[in-house]
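# Architecture and fold: a report
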Amino acid sequence: MDLKDNLGATGDDFYAALIATHDGLSESQSHALNARLVLIMANEIGDLARLAILLKAARKDATG
Amino acid sequence: MAYDYTPFPYTAPAGLTAPEPRHPVVIVGAGPIGLAMAVDLALQGVRSVVLDDNNVVSVGSRAICWAKRTLEIFDRLGIGERMLEKGVTWKVGRNFFGKDEVYNFDLLPEPGHKYPAFINLQQYYVEQYLVERALDLPDLIDLRFLNKVTGHADHGDHVSLTVETPDGNYTLQADWYIACDGAASPTRKRMALPFEGQTFEEHFLIVDVEMETSPFGTDTPERWFWFAPPFHSGQSALLHKQPDNIYRIDLQLGPETDPKSEATEEKVLPRLRAIVGDAPFRIDWMSVYKFRCAKLESFVHNRVLFVGDSGHVVSPFGARGGNGGIQDVDNLGWKLAAVLKGDAPARLIETYDEERQHGSRENILNSSRATNFMTPKTAIEALFRNEVLHLARDHGFARRLINSGRLSQPCSLAETSLQTAGDAPLRPGSAAQDAPLTGPQGDTWLIGQAQGDFTLIGFGGTELPDIDGVRCVGIDSHDRAYTCFIDRDGHAKARYGSDHIYLLRPDGHICAAFTAPDRAAISAALQTAKGN
Ligand SMILES: Cc1cc2nc3c(=O)[nH]c(=O)nc-3n(C[C@H](O)[C@H](O)[C@H](O)COP(=O)(O)OP(=O)(O)OC[C@H]3O[C@@H](n4cnc5c(N)ncnc54)[C@H](O)[C@@H]3O)c2cc1C
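What you are looking at is a predicted structure, and each value in this text was computed from that prediction instead of being measured. (Residues numbered from 1 in each chain as written. Chains lettered and ligands numbered in written order. Predicted model: local features only at pLDDT ≥ 70, side-chain atom pairs only at ≥ 80, totals over all residues. Heavy atoms only, no water.)

## Digging into the overall build of chain A
Defined as follows: In this description a helix means any DSSP run of H or I spanning at least four residues, a strand means any run of E spanning at least two, and both kinds are numbered starting from the N terminus. Each radius of gyration reported is based on C-alpha atoms, and the globular scaling rule is 2.2 Å times the count of residues to the power 0.38. For the exposure calls, accessible area comes from a 1.4 Å probe over protein chains only, and a residue counts as buried if that area is under 20% of its type's maximum, exposed if over 50%, partly exposed in between. Note on areas: Shrake-Rupley, 1.4 Å probe, and residue coverage restricted to the protein chains presented here.
In terms of regular secondary structure, chain A is built from 3 helices and 0 strands. Taken from the N to the C terminus, the helices and strands of chain A come in the order α-α-α. The C-alpha radius of gyration computed for chain A amounts to 14 Å, which surpasses the reference 11 Å derived for 64 residues by more than 25%, pointing to a less compact arrangement than a globule. Overall size of chain A, expressed as C-alpha extent along the three principal axes, is 35 × 30 × 30 Å. Buried residues in chain A amount to 20% of all 64 residues. Here chain A displays about 4800 Å² of accessible surface, and carbon together with sulfur accounts for 61% of that area.

Printed below as a string of structure tokens:
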């Protein structure tokens, strides 16, 4: 499985914004932010079948 | 073989014995930027004196990656072909995470360009070629080695400076003072100008090794980049090939390391062995750097102009230091020449600042992002970075997020004041794109025909108007009073379309595009581009 690249040329902008969102947070605050972000993004995607694919992609190698 | 650092000759300058007449331009610093500046001005008939405190080329390779746009500018300056011939054109890049290859890519050259995406060539060769080019133009370039500028004062309509030589001190006057005196710019310090930005805490050990056997195990030059390399405790490493069997190795050391003890053979050799194996090699040069990204708020201070590292510095990931400086030269050269010749108002110089601040900001943004990706500051940043690398094995989108340097691209000047807005396949503000052409003298390239002067390009049945000071180039046109070329492989039409007329600035940037040969509209765009 190779997930489609939807960010394209804006990838660097997104990555920088993501890291900046964590600026000044403690590690546990950051983990909490990440959890909120996953939930918010899941709601935006809103398609359970699609989400199942993404969950599987993220799970791959998790214990490797 | 090791590079031969033959010193350039010093001759006692005239100013030591009698005052010299005021010079139109004095360039302080004969690094790649100062030398390119002198050649650019000379090609437009502007004389300059170049002063350098030293008398050899850059010691150590320093800048090694020269991007396509830079090579196209060097083509105009007369050393592009020589650089291409000597340089290494790499194709295959491999990214590693730990000891595992995450992915590799083959940089297939885009057809129809004279120059590749970039070449590797040591800075000392570039400087040598530029010095030799400058010596071809002895009436226009007065190169003075072992001439150290120790002071300057701006008098409104000219600048005076004091110079120290092995034979004593003298003074000079110039209409314009161009500071190309590098990252530690004494000019900038004398003027107490703030130079602010981000300093990265990590030290980088940069080593050039010479070896006969390619560490890549193939004859193809590659670029290998490691995140969390297995062979040393730092966070990244880079292996890159240069000409003469010289390999560049960058090793990121932690912030706590002592740079002095790291740059010793006893510390470096085991790390090099871990990268290149048992093949015999020789250390050619090594140095430890801490990088920063910073720039001046303005590159124009009345009669004092900052060009290259004196005005802005970046971390080297993405190779934007030297490449950015050459674009400064390209931008300033024609403007200063036009102002000195009375062909444009002095305001045109202000647009050098406007346009290159924009380029410099873009370079700093990209270099900082690459450096941040390579040197995560917090546990969370490291976590994201590492998981991008894990995902990259399977997913193209994550590969695109891996950032070990985004190669310098020509920046767009669309929003700046010299361009006339318009819609065309190549938008005003973008740099011209190359294409193979055939003309009365045989095969040639578009960039060779369209740089150096204001140029109008028209296609097919279009008849370009004759406008003073504008060169006309016809593509697939016949029986014109101006030179016409055949679009040999169709690349020119594919890139420019055939329905537009383009007006190019002498630095090869498109400043306006038209759908009809309307003399009044073209003349107006020309005046706008000259700052009128
Ligand atoms: C490790 C490393 C790797 C790099 N890699 C790349 C790369 O791959 N690609 C890239 O594009 N860039 C790269 N760079 C950046 C590049 O080397 C610089 O951007 C480039 O040298 C800037 O050129 P310059 O002419 O502005 O300054 P410099 O090359 O520093 O030249 C300044 C000159 O001014 C002279 N000078 C200083 N003070 C005086 C004085 N008072 N009087 C007279 N003369 C004076 C100096 O002697 C020197 O000759 C790298 C840099 C480093 C350190």
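Now, onward.
## Describing the interface of chain A and chain B
A common measure of how large an interface is: the accessible area buried when the components associate. Here is the rule we go by: The contact criterion used throughout is that any non-hydrogen atoms of two residues lie within 4.5 Å. What gets called buried area is simply the loss in accessible area from a 1.4 Å probe that two parts show on being joined, summed for both. Salt bridge, as used here, is a side-chain nitrogen of Lys or Arg placed within 4 Å of a carboxyl oxygen of Asp or Glu. Here a polar contact means two N or O atoms within 3.5 Å. Within protein one must be a hydrogen donor candidate and the other an acceptor candidate, and residues neighboring in sequence count only if both atoms are side-chain atoms.
On the side of chain B, 18 residues touch chain A, which itself brings 23 residues to the contact. Interface of chain A and chain B: buried area, both sides summed, is about 1800 Å²; carbon and sulfur atoms make up 58% of it. Considering only the side of chain A, the residues that lose the most area to chain B are Asp-5, Asp-12 and Tyr-15 of chain A, jointly responsible for 32% of the buried surface there. Linking chain A to chain B there are 4 salt bridges. Of the charged contacts in the structure, one is a salt bridge between Asp-13 of chain A and Arg-369 of chain B, with a shortest N-O distance of 2.8 Å. At the surface where chain A touches chain B, the tally comes to 5 residue pairs in polar contact (both at pLDDT 80 or more). At the level of secondary structure, the elements contributing two or more residues to the side of chain A that touches chain B comprise helix H1 (11–21) and helix H2 (27–45) of chain A.

## With respect to the packing of H1 of chain A against helix H10 (residues 379–392) of chain B
So the rule is basically this: All axes here are fitted lines through C-alpha atoms, helices being fitted over the stretch that makes contact, and every angle between N-to-C directions spans 0 to 180 degrees. Should an angle fall under 35 degrees it is called roughly parallel, over 145 degrees roughly antiparallel, and 65 to 115 degrees roughly perpendicular, with every other angle called oblique. Note that Gly is not counted as nonpolar here; it falls among the polar residues with everything else outside the nonpolar set of Ala, Val, Leu, Ile, Met, Phe, Trp, Tyr, Cys and Pro and the charged set of Asp, Glu, Lys and Arg.
At a closest axis distance of 10 Å, the pairing of H1 of chain A and H10 of chain B adopts a crossing angle of 150°. When the interaxial angle is binned, H1 of chain A and H10 of chain B end up roughly antiparallel. Within the contact between the two elements, H1 of chain A uses Tyr-15, Leu-18 and Ile-19 of chain A and H10 of chain B uses Glu-381, Phe-384, Arg-385 and Val-388 of chain B. Tallied by class, residues from the contact of H1 of chain A with H10 of chain B come to 5 nonpolar, no polar and 2 charged.

## Overview of a nonpolar patch on the surface
Applied cut-off: Patch members must show over 30% relative accessible area and no salt bridge, and they are joined within 9 Å when carrying like charges or within 5 Å when they are nonpolar side chains of Val, Leu, Ile, Met, Phe, Trp or Tyr.
A contiguous nonpolar surface patch, about 230 Å² in accessible area, is contributed by Phe-14, Met-41 and Ile-45 of chain A. Checked against the element boundaries, Met-41 of chain A lands in helix H2.

## Considerations on the pattern of salt bridges
All names here are of chain B. Here the structure, examined in full by the defined rule, presents 34 salt bridges over all chains. As a salt-bridge pair, Arg-76 and Asp-40 come within 2.9 Å of each other at their nearest N and O atoms. With Arg-76 in helix H2 (residues 68–77) and Asp-40 in helix H1 (residues 32–43), the pair connects residues that are 36 residues apart, well separated along the chain. Here Arg-76 falls in the buried class, since its relative accessible area comes to 15%. For Arg-94, the salt bridge goes to Glu-101, with nearest N and O atoms at 3.2 Å. Under the relative-accessibility criterion, Glu-101 is labelled partly exposed at 31%. By sharing partners, the salt bridges in this structure join Asp-40, Arg-69, Glu-72, Arg-76 and Asp-330 into a single network.

## Here's the deal with the nonpolar core
Nonpolar side chains tend toward joint burial in soluble globular proteins. All names here are of chain B. The condition that has to hold: Joining through side-chain atoms within 4.5 Å is the link that ties buried Ala, Val, Leu, Ile, Met, Phe, Trp, Tyr and Cys residues into a set, and such a set is a nonpolar core. Per the annotation, domain bounds derive from an automatic or database assignment of domains.
Phe-74, Met-83 and Ile-178 are the most contacted members of the largest nonpolar core, which has 95 residues in total. No fewer than three residues from each of domain 1 (22–90 + 103–194 + 293–366) and domain 3 (436–529) sit in this core. Residues in contact with Met-83, not counting those within four places in the same chain, are Trp-66, Leu-71, Phe-74, Ile-119, Leu-121, Val-126 and Tyr-129. In terms of nonpolar packing, the next biggest core, distinct from the first, is built from 25 residues, Val-102, Trp-285, Ala-370 and Ile-380 among them.

## A few points about the side chain of Gln-327 of chain B
All names here are of chain B. Here Gln-327 shows up in helix H8 (residues 321–340). Exposure remark for Gln-327: the relative accessible area of 7% places this residue in the buried category. For Gln-327, the contacting residues outside a window of four places in its chain are Arg-69, Ile-73, Arg-356, Ser-408, Gln-409, Pro-410 and Cys-411.

## Topic: the site of the ligand
All names here are of chain B. The condition is simple: Here a residue is near a molecule or strand as soon as one of its heavy atoms is found within 4 Å of it.
The immediate surroundings of the ligand are formed by 32 residues, with Asp-52, Asp-53, Gln-123, Asp-309 and Gly-322 found nearest. In the model, an oxygen atom of the ligand is placed 3.5 Å from a nitrogen or oxygen of the Pro-32 main chain. In this structure, Asp-309 approaches the ligand through a side-chain N or O atom, which is 2.8 Å from an oxygen atom. Expressed as a share of its isolated accessible area of 1000 Å², the protein-covered part of the ligand is 89%. Of all the secondary structure elements, the ones that give two or more residues to the shell around the ligand are H1, strand E8 (148–154) and H8. For the shell around the ligand, the element with the most residues is H8, which contributes 3 residues. Here the shell around the ligand is built from residues that sort into 15 nonpolar, 10 polar and 7 charged.

## Some details on the sheet that holds strand E13 (residues 236–242) of chain B
All names here are of chain B. This is how the line gets drawn: For two strands to count as paired, DSSP must find a minimum of two bridges between them.
Read across the sheet, 8 strands follow the order E5-E4-E12-E13-E14-E11-E15-E18 without closing on themselves; strand pairing throughout is mixed. Each edge of the sheet is formed by a strand with only one pairing partner; in this case those strands are strand E5 (100–106) and strand E18 (312–313). When strand E12 (residues 222–227) meets E13, the two strands line up antiparallel, connected through 5 bridges. Of the residues in E13, the one forming a bridge with Arg-223 is His-240.

## A closer look at the state of the cysteines
Joining two cysteines, a disulfide is a covalent bond between their sulfur atoms. All names here are of chain B. Selection criterion: We call a pair of cysteine sulfur atoms a disulfide when they lie within 2.5 Å.
On inspection of all chains with the given rule, the structure shows 0 disulfides over all chains. No disulfide involves Cys-180; its sulfur sits 18 Å from the nearest other cysteine sulfur, which is in Cys-411. Looking at Cys-484, it has no disulfide partner, and the nearest cysteine sulfur is the one in Cys-472, 9.4 Å off.

## A few points about the domain arrangement of chain B
All names here are of chain B. Along its sequence, chain B is carved into domain 1 (22–90 + 103–194 + 293–366), domain 2 (199–291) and domain 3 (436–529). On a C-alpha basis, the centroid separation for the pair domain 1 and domain 3 is 28 Å. Summed over the shared surface of domain 1 and domain 3, the number is 2 salt bridges. Where Arg-495 meets Glu-110, a salt bridge forms, and the shortest distance between an N and an O atom there is 3.4 Å. Applying the counting rule to domain 1 against domain 3 returns 9 residue pairs in polar contact (both at pLDDT 80 or more). For the side of domain 1 that touches domain 3, the elements supplying multiple residues, two or more each, are H2, H8 and helix H9 (347–374). Of the residues contributing to the side of domain 1 that touches domain 3, the split by class is 4 nonpolar, 3 polar and 9 charged.

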